[in-house]
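# Architecture and fold: a report
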Amino acid sequence: IRAYPGMPHYKVLASQALCSYALGFVEDQDTLAAIRLYQKGRSYAGQALGIDWDQIGLDSLESILKKKGKESTPALFWGAFNWSAELYLRITDPEATINLPKIKLMMEKVTADDETYFYGAAHIFWGSYYSMLPEMAGGNIKKSLHHFNRALEISNRRRSEEHTSELQSHHP
């Protein structure tokens, strides 16, 4: 990234790598280290798009996203995914949860522009989102199952089967 600062694609790859590493190897052992990795991954995705996630307001973000095309999908997805993973680890921190509307806006754009990106992973986000919230806060098991099943369709059953099975076992 330092060697090629003008190459946003490398920043997106770094964002993906940091997220994958934190999720796969760090999160269960060291929550604070995972949070730092997710923050760095989110930052790289923002740099690839020329957006400082922490400084931009929701209305400004919405305006910018309307101007972005499908080519922004990878950076938006990894920015939002890193951010949502961080939020999950900081769920009791109001400072972290205040950013949920930005994450949702980003994932809405990803889903609208290319729902098939990364095997339909935006649908896994939405499936998790709707399954984790209580019904009175917008949680919806039917929507959750719809998104998990859509991810299965898109990925030819390569991803999210465990999510769907787990959700069905908890919510018959």
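Report on the accompanying structure. (Residues numbered from 1 in each chain as written. Predicted model: local features only at pLDDT ≥ 70, side-chain atom pairs only at ≥ 80, totals over all residues. Heavy atoms only, no water.)

On to the overall build of the protein. Regarding its fold elements, the protein presents nine helices and zero strands. Its helices and strands taken in sequence order, the protein reads α-α-α-α-α-α-α-α-α from the N to the C terminus. Against the globule reference of 16 Å for 172 residues, the protein gives a C-alpha radius of gyration of 16 Å, in line with a compact fold. Taken along the three principal axes of its C-alpha coordinates, the protein extends 50 × 35 × 30 Å. Among the 172 residues that make up the protein, the fraction classed as buried is 44%. Taking contacts inside the protein between residues at least 6 apart in sequence as the whole, the part at least 24 apart equals 59%. With 19 positive and 20 negative side-chain charges, the protein shows a separation of 5 Å between the mean positions of the two kinds. (Helix = DSSP H or I, 4+ residues; strand = E, 2+ residues; numbered from the N terminus. Rg over C-alpha atoms; globule rule 2.2 N^0.38 Å. Buried < 20%, exposed > 50% of the residue type's maximum accessible area, 1.4 Å probe, protein only. Contact = heavy atoms within 4.5 Å. Lys, Arg positive; Asp, Glu negative; His and termini not counted. Charge placed at Lys NZ, Arg CZ, Asp CG, Glu CD.)

This brings us to the nonpolar core. Within the largest apolar cluster, 39 residues are counted, with the highest numbers of intra-cluster contacts made by Trp53, Leu61, Leu76, Phe77, Met106 and Met107. For this core, the secondary-structure elements that each account for two or more residues are helix H1 (8-26), helix H2 (31-49), helix H3 (58-67), helix H4 (73-89), helix H6 (100-114) and helix H7 (117-132). The element that contributes the greatest number of residues to this core is H4, accounting for eight residues. Sequence-distant contacts of Trp53, that is, excluding residues within four places in its chain, are made with Arg42, Ala45, Gly46, Leu61, Leu76, Trp83, Lys102 and Met106. (Core = buried A, V, L, I, M, F, W, Y, C linked by side-chain atoms within 4.5 Å.)

A cluster of nonpolar side chains, namely Ile1, Tyr4, Met7, Tyr10 and Leu13, defines an oily patch on the protein surface of about 450 Å² accessible area. Relative to the assigned elements, Tyr4 resides in the segment before H1. (Patch = residues over 30% accessible without salt bridge, like charges linked within 9 Å, V, L, I, M, F, W, Y side chains within 5 Å. Areas by Shrake-Rupley, 256 points an atom, 1.4 Å probe, with all protein chains shown as cover. Salt bridge = Lys/Arg side-chain N within 4 Å of Asp/Glu carboxyl O.)

Bringing the packing of H7 against helix H8 (residues 141-154) into the picture now. It is at 8 Å that the axes of H7 and H8 come closest, and there the two elements cross at 165°. Compared by their axis directions, H7 and H8 come out roughly antiparallel. Crossing angle aside, the handedness with which H7 passes H8 is left-handed. On H8, the residues that touch Tyr119, Gly120, His123, Ile124, Trp126, Gly127, Ser128, Tyr130 and Ser131 of H7 are Ile141, Lys143, Ser144, His147, Phe148, Arg150, Ala151 and Ile154. (Axes fitted to C-alpha atoms, helices over the stretch in contact; angles between N-to-C directions. Parallel < 35°, antiparallel > 145°, perpendicular 65-115°, else oblique. Left-handed = near helix turned anticlockwise from the far one by under 90°.)

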